[in-house]
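Results of the structural survey
Each chain is listed here by its residues.
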Amino acid sequence: MTYEVLLGDDAREYYTALDEKSQRIVKKNLQKLADDPYPRPDSGSGDKEKLTVDGEEMYRLHIGRTHTAFYDILKDDDEVRVVEILDIDEAHKRYGF
């Protein structure tokens, strides 16, 4: 199954403020969510995780060591909605790392 990856307003604002190289890195990583948005705990990859952020269950994707994307999966609509992208340090404050 392939999902459509959509950016919310906050995520789009963060993305467009990035330099060209960072945009390429973020875009490349977000595109991976189209094929497999779910965390795979035994895969050896710690980049995706389901967690609670601001009282809501959602998913997070680490993008390198610089950015973190928070997203929801709408399985019935075949969509991944990227709610927010933050600097990784700011993201850690949000979910209590």
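Everything in this summary refers to the structure shown in the same document.

1. Comments concerning the nonpolar core
Counting 16 residues, the largest nonpolar core has V26, L30, L61, A69, Y71, V82 and I85 as its most contacted members. Contributions of two or more residues to this core are made by α1 (9-17), α2 (20-31), β3 (56-63), β4 (67-74) and β5 (79-87). Excluding residues within four positions of it along the chain, V82 makes contact with V5, L6, L7, G8, A11, L30, A69, F70 and Y71.

2. Focus on the environment of H62
Within the secondary structure, H62 sits in strand β3. Take H62: its relative accessible area is 16%, and that puts it in the buried class. Taking the C-alpha atoms as reference, H62 lies 15 Å from V80; in sequence the two are 18 residues apart. A polar atom in the side chain of H62 sits 3.2 Å from the side chain of T68.

3. Digging into the sheet that holds strand β1 (residues 4-7)
Spatially, 5 strands are ordered β1-β5-β4-β3-β2 in an open sheet, and the strand pairing comes out mixed. Both edges of this open sheet fall to β1 and β2 (48-53), since each of them pairs with a single strand only. Taken pair by pair, the neighbouring strands of this sheet meet at an average axis angle of 40°, ignoring direction. Relative to β3, β2 runs antiparallel, the two being bridged by 6 bridges. What sits directly across from L51, in β3, is M58. Docked against the sheet, α1 engages β1, β4 and β5, running at close to 50° with respect to β5. This element, α2, spans β1, β3, β4 and β5 of the sheet and lies at about 125° to β3.

Calculation criteria
Residues numbered from 1 in each chain as written. Predicted model: local features only at pLDDT ≥ 70, side-chain atom pairs only at ≥ 80, totals over all residues. Heavy atoms only, no water. Core = buried A, V, L, I, M, F, W, Y, C linked by side-chain atoms within 4.5 Å. Buried < 20%, exposed > 50% of the residue type's maximum accessible area, 1.4 Å probe, protein only. Helix = DSSP H or I, 4+ residues; strand = E, 2+ residues; numbered from the N terminus. Contact = heavy atoms within 4.5 Å. Polar contact = N/O pair within 3.5 Å; in protein donor to acceptor, adjacent residues only side chain to side chain. Pairing = 2+ DSSP bridges. Axes fitted to C-alpha atoms, helices over the stretch in contact; angles between N-to-C directions.

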